[in-house]
Amino acid sequence: QDAKDLLTYLAQYEPLGVFPLIQEYCPGRGVGHMFLARDGDVLIEFQHERVHEWPPEGGVSTVCRAVPLAEFSKARERSRALIGRLKWTGIAMVEYRYDEKSDSWYFLEINGRFWGSLPLAINAGIPFAAGLVAGIGAGNDAPEYAHNYSRRLCLYWIPETKRLFRILFQRKLISDPFFKVQPLREIALYFCYLLHPLTSFYLFSWRDPKPFFCDLKNTFVKFISISKKIAS
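Criteria and cut-off values
Residues numbered from 1 in each chain as written. Predicted model: local features only at pLDDT ≥ 70, side-chain atom pairs only at ≥ 80, totals over all residues. Heavy atoms only, no water. Core = buried A, V, L, I, M, F, W, Y, C linked by side-chain atoms within 4.5 Å. Buried < 20%, exposed > 50% of the residue type's maximum accessible area, 1.4 Å probe, protein only. Helix = DSSP H or I, 4+ residues; strand = E, 2+ residues; numbered from the N terminus. Patch = residues over 30% accessible without salt bridge, like charges linked within 9 Å, V, L, I, M, F, W, Y side chains within 5 Å. Areas by Shrake-Rupley, 256 points an atom, 1.4 Å probe, with all protein chains shown as cover. Salt bridge = Lys/Arg side-chain N within 4 Å of Asp/Glu carboxyl O. 1 Å grid on protein atoms, 1.4 Å probe; cavity = no way out; pocket = protein on both sides within 12 Å on 5 of 7 lines; lining within 4 Å. Points joined across faces, edges and corners; volume = space filled by probe spheres on them. Nonpolar A, V, L, I, M, F, W, Y, C, P; charged D, E, K, R; others polar. Pairing = 2+ DSSP bridges. Axes fitted to C-alpha atoms, helices over the stretch in contact; angles between N-to-C directions. Parallel < 35°, antiparallel > 145°, perpendicular 65-115°, else oblique. Left-handed = near helix turned anticlockwise from the far one by under 90°. Contact = heavy atoms within 4.5 Å.

Novice: Mind showing me how you'd approach the nonpolar core here?
Specialist: Where a protein is soluble and globular, its nonpolar side chains tend to be buried together. The biggest cluster of nonpolar side chains holds 20 residues, and the ones touching the most others in it are Phe46, Trp115, Ile126, Phe128 and Tyr149. At 3 residues, the largest contribution of residues to this core is made by helix H3 (residues 118-123). The next biggest cluster of nonpolar side chains, apart from the first, holds 7 residues, and it includes Ala37, Val42, Val94 and Tyr96.

Quick look at the structure:
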């Protein structure tokens with residue numbers, strides 16, 4: 001939690017004369033700038049912020065929110081410049097941690113594949129997959145899309161439920177010492193995001209519900225398997 005705590009932890013390695021690589025703690029929340037580009041020229045763009053993650057201290061986004069392009073404009077322009085310098089062709093998400101208190105941005109990585117929160121972009125009307133299939137490499141134009149998309153939400157329901165369970169009943173397993181546990185607030189937000197009219201889902205769709213039920217089945221089978229191992 002501080003320099004003294006770090007030195008105490010590292011003292012156990014001193015007899016070995018070899019120390020581990022320590023990664024700096026980056027406070028804040030995850031923000032991603034998504035692009036479809038051809039030779040560094042941005043054809044389609046979108047940005048989102050991670051509201052909740054699984055595990056709670058950081059990981060896969062379980063609730064994410066579309067952020068209008070007018071916001072985070074300075075950071076997004078830096079991301080665009082990076083894509084341009086690399087002459088990137090294809091899809092990419094430039095990821096950060098953003099600390100609102102200090103207005104600091106921490107660059108994490110460029111994710112050069114389709115990301116887990118792609119359903120958020122799809123439901124906001126941003127055609128990343130369609131644009132790629134349209135033949136970006138062949139020099140075709142990208143599909144038209146709405147630059148003024150709405151601030152909608154996307155929920156990954158099963159991991160979000162696991163996140164709430166850990167916060168309520170397994171707090172000791174949360175490794176982030178700075179994570180604030182607020183049970184009543186978390187319960188209220190869980191149902192708020194679940195029932196919000198602007199919420200879409202990572203997997204569930206009335207038009208195609210099968211992927212959701214397959215995921216639910218796999219989660220249940222995994223839970224039974226782990227329970228049996230613990231019992232034995």
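Novice: I'm lost on a nonpolar patch on the surface in this one. Help?
Specialist: On the surface, a cluster of nonpolar side chains totalling about 440 Å² of accessible area is made up of Leu184, Ile187, Phe191 and Leu195. If you trace the backbone, Ile187 turns up in helix H6 (residues 183-195).

Novice: Explain the layout of surface pockets to me, please; I cannot follow it from the model alone.
Specialist: Which parts of space are left empty comes out when a probe the size of a water molecule is rolled across the atoms. For the largest pocket, the calculated volume is near 960 Å³. Along the wall of the largest pocket there are 29 residues; nearest its centre are Gly28, Arg29, Val51, Arg97 and Phe179. Contributing elements (two or more residues each) for the lining of the largest pocket: strand E1 (29-38), strand E2 (41-54), strand E4 (90-99) and H6. For the lining of the largest pocket, the residue count by class is 9 nonpolar, 5 polar and 15 charged. Considering only enclosed or pocket space, the second largest pocket measures out at about 800 Å³ in volume. Taken together, 25 residues make up the lining of the second largest pocket; nearest its centre are Gln23, Glu24, Tyr25, Cys26 and Asp176.

Novice: Whenever I open this one, the pairing of E4 confuses me. Can you help?
Specialist: In regular strands, side chains alternate between the two faces of the sheet. Counting buried positions along E4 gives 10 out of 10 residues, so the element sits mostly inside the fold. Alignment of E1 against E4, held across 9 bridges, turns out to be antiparallel. Pairing of Phe35 across the sheet is with Ala92, part of E4. Linking E4 back to strand E5 (residues 104-111) in an antiparallel pair, the connection comprises 4 residues, with Asp103 at a positive phi of about 55°.

Novice: Is there a simple way to explain the environment of Lys87 in this structure?
Specialist: With respect to the element layout, Lys87 can be found in the loop between helix H2 (73-85) and E4. Residues Lys87 and Asp41 lie 46 residues apart in sequence; the distance between their C-alpha atoms is 7.4 Å.

Novice: I'm lost on the pattern of salt bridges in this one. Help?
Specialist: Any two side chains of opposite charge can pair, given that their charged atoms come close. Tallied over the full model, the rule gives 11 salt bridges. One salt bridge in this structure joins Arg151 and Glu49, with 4.0 Å as the shortest N-O distance. Linking Arg151 in the loop between helix H4 (128-133) and strand E6 (153-155) with Glu49 in strand E2, this pair joins segments that are 102 residues apart in sequence. Relative accessible area serves as the criterion here: at 5%, Glu49 is assigned to the buried category. Glu95 is the salt-bridge partner of Arg50, the closest N and O atoms lying 3.6 Å from each other. Here Arg50, found in strand E2, pairs with Glu95, found in strand E4; they are 45 residues apart in sequence, far enough to count as distant. For the pair shown, Arg50 and Glu95 are each scored as buried.

Novice: Sorry if this is basic, but what is going on with the packing of helix H5 (residues 157-169) against H6 here?
Specialist: Packed helices, taken two at a time, are described by the angle their axes make and the gap between the axes. Here H5 crosses H6 at 165°, and the two axes come no closer than 10 Å. With respect to each other, H5 and H6 are oriented roughly antiparallel. By crossing handedness, the relation of H5 to H6 is classed as left-handed. Between H5, through Trp157, Glu160, Thr161, Arg163, Leu164, Ile167 and Leu168, and H6, the contact on the second element is made entirely by Pro183, Glu186, Ile187, Tyr190 and Leu194. When the residues that make up the contact of H5 with H6 are grouped by side-chain class, the tally is 8 nonpolar, 1 polar and 3 charged.

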